[in-house]
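# Tertiary structure, described
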Amino acid sequence: MRAVLLTKEKNTPALRKLQALGLRAQVQPPERIRSLERDSTDLVYLVPVELRAAAGWNEHRVRLARASRCYVVYGAGLDTRAIMDASRDGAHDVLDLDHDDDVRWLAALDHAANSQALWWQLYGGQGDVDEEKLIGRSPAMKSLRESVQRLGPTDATVLILGESGTGKERLAEAIHAASG
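Definitions and cut-offs
- Counting restarts for each chain, with residues numbered from 1 along the sequence as it is written.
- A pLDDT threshold of at least 70 governs which residues receive local features in this predicted model, and a stricter bar of 80 or more applies before side-chain atom pairs are shown or counted, although totals over entire chains, interfaces and linings include all residues.
- Side-chain numbers here rest on the full set of heavy atoms in the structure, without hydrogens or water.
- Here, strands pair whenever DSSP counts at least two bridges between them.
- Note on conventions: DSSP H or I runs of at least 4 residues are helices, E runs of at least 2 residues are strands, and numbering of each starts at the N terminus.
- For the handedness criterion, the strands are oriented away from the viewer, and a crossover whose path from the first strand over the helix to the second runs clockwise is classed as right-handed.
- Whether two residues are in contact is decided by their heavy atoms, any of which lying within 4.5 Å being enough.
- What is meant by a nonpolar core is a set of buried Ala, Val, Leu, Ile, Met, Phe, Trp, Tyr and Cys residues, joined one to another through side-chain atoms within 4.5 Å.
- Burial classes: relative accessible area under 20% of the type maximum marks a residue as buried, over 50% as exposed, and values in between as partly exposed (1.4 Å probe, protein chains only).
- One less than the number of residues in a helix, times 1.5 Å, gives the span that helix is expected to have.
- Working note: the arc is built from the helix axis to C-beta atom directions.
- Axes here mean lines fitted to C-alpha atoms, for a helix over just the part in contact, with angles spanning 0 to 180 degrees between N-to-C directions.
- Within this document, salt bridges are pairs made up of a side-chain nitrogen of Lys or Arg and a carboxyl oxygen of Asp or Glu, the two lying within 4 Å of each other.

Moving on, we get to the pairing of strand β5 (residues 93-96). Pairing analysis gives four bridges linking strand β4 (residues 71-75) to β5, with the strands arranged parallel. Counted as the bridge partner of Tyr74 is Leu95 from β5. Tracing the backbone out of β4, into helix α4 (residues 80-88) and back to the parallel element β5 gives a crossover that is right-handed.

You can see Asp89 is positioned in the loop between α4 and β5. Not counting residues within four places of it along the chain, the set of residues in contact with Asp89 comprises Arg52, Trp57, Arg61 and Tyr71.

Side chains of a nonpolar character, in soluble globular proteins, are inclined to be buried together. Leu5, Leu18, Leu46, Val72, Tyr74, Trp105 and Leu109 are the most contacted members of the largest nonpolar core, which totals 20 residues. Counting residues per element, the ones that place at least two in this core are β1 (2-6), α1 (13-20), β2 (24-28), β3 (43-48), β4 and α5 (102-123). Here the element with the most residues in this core is α5; it accounts for five residues. For Leu46, the contacting residues outside a window of four places in its chain are Ala3, Val4, Leu5, Leu6, Leu18, Val72, Tyr74, Trp105 and Leu109.

All right, on to α5 then. Given a rise of 1.5 Å per residue, 22 residues ought to cover 32 Å, and the 31 Å separating the end C-alpha atoms of α5 matches this to within 8%. Those residues of α5 lying buried are Trp105, Ala108, Leu109, Ala112, Ala113, Gln116 and Trp120. One side of α5 holds all its buried residues, which, seen down the axis, span an arc of 125°. In this fold, the buried residues of α5 make contact with α1, β3, β4 and β5.

Another aspect to go through is the sheet that holds β1. Here we have five strands laid out as an open sheet, ordered β2-β1-β3-β4-β5, and parallel in their pairing. Strand pairing shows two members of the sheet lacking a second neighbour, β2 and β5, which therefore form its edges. In this sheet, neighbouring strand axes are inclined to one another by 30° on average, regardless of whether the strands run parallel or antiparallel. Strand direction decides the pairing type here: β1 and β2, joined by five bridges, are parallel. Residue pairing for β2: Arg2 is matched across the bridge by Arg24.

With that out of the way, let us pick up helix α3 (residues 57-66). Trp57, His60 and Leu64 are the residues of α3 that are buried. Around the axis of α3, the buried residues are gathered within 65° of arc, so they sit on the same side. In α3, the exposed positions angled more than 90 degrees off the buried face are occupied by Glu59, Ala65 and Arg66. Turning to α3, the residues buried within the fold contact β1, β3, α2 (49-53) and β4.

Another aspect to go through is the pattern of salt bridges. Evaluation of the coordinates by the stated rule reveals seven salt bridges. For Arg34, the salt bridge identified is with Asp39, shortest N-O distance 3.7 Å. Given a relative accessible area of 57%, Asp39 falls into the exposed group. When the shortest N-O distance is used, the salt bridge between Arg104 and Asp93 registers 2.8 Å. Of the two residues, Arg104 is situated in helix α5 and Asp93 in strand β5; the sequence distance between them amounts to eleven residues. Each of Arg52, Arg61 and Asp89 takes part in a single network of salt bridges with overlapping partners.

Written out as structure tokens, the structure reads:
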């Protein structure tokens, strides 16, 4: 498992803690968030509670969401309000630097990495779309094929609506074929 602290500070207590836990940890600025890929599901981002209070936090949060990344918020002396705010904001977990529970830290990071791996397995574009069923090169058809790839491997129920002759049956067949 790899941990990346989204901060510009080089030698933080959190970095030392992660290294003491035996994790490969590094620091990088929040602008360099990597998208979730098959080979990076074990990479978990840790967000300092101070970054959540900074002016550009909403942009960083959107960047994390677009990258399909779980993130863990950390800080020292966190009160209940800070923990609840981080959870409501989308944090996968919240860790306190003042607590010496190494098992809790490892479990939280492991759970985030497992969630990312599961997300990749379900939505990572594993379903194949039969090009003969959904023909066309327009941006709308490309978007439709990408949606079929994401939906195919899931157990989601899909309702397809449209006018007569618009290809609802072809779309249903493509989703079924992508399900494996």
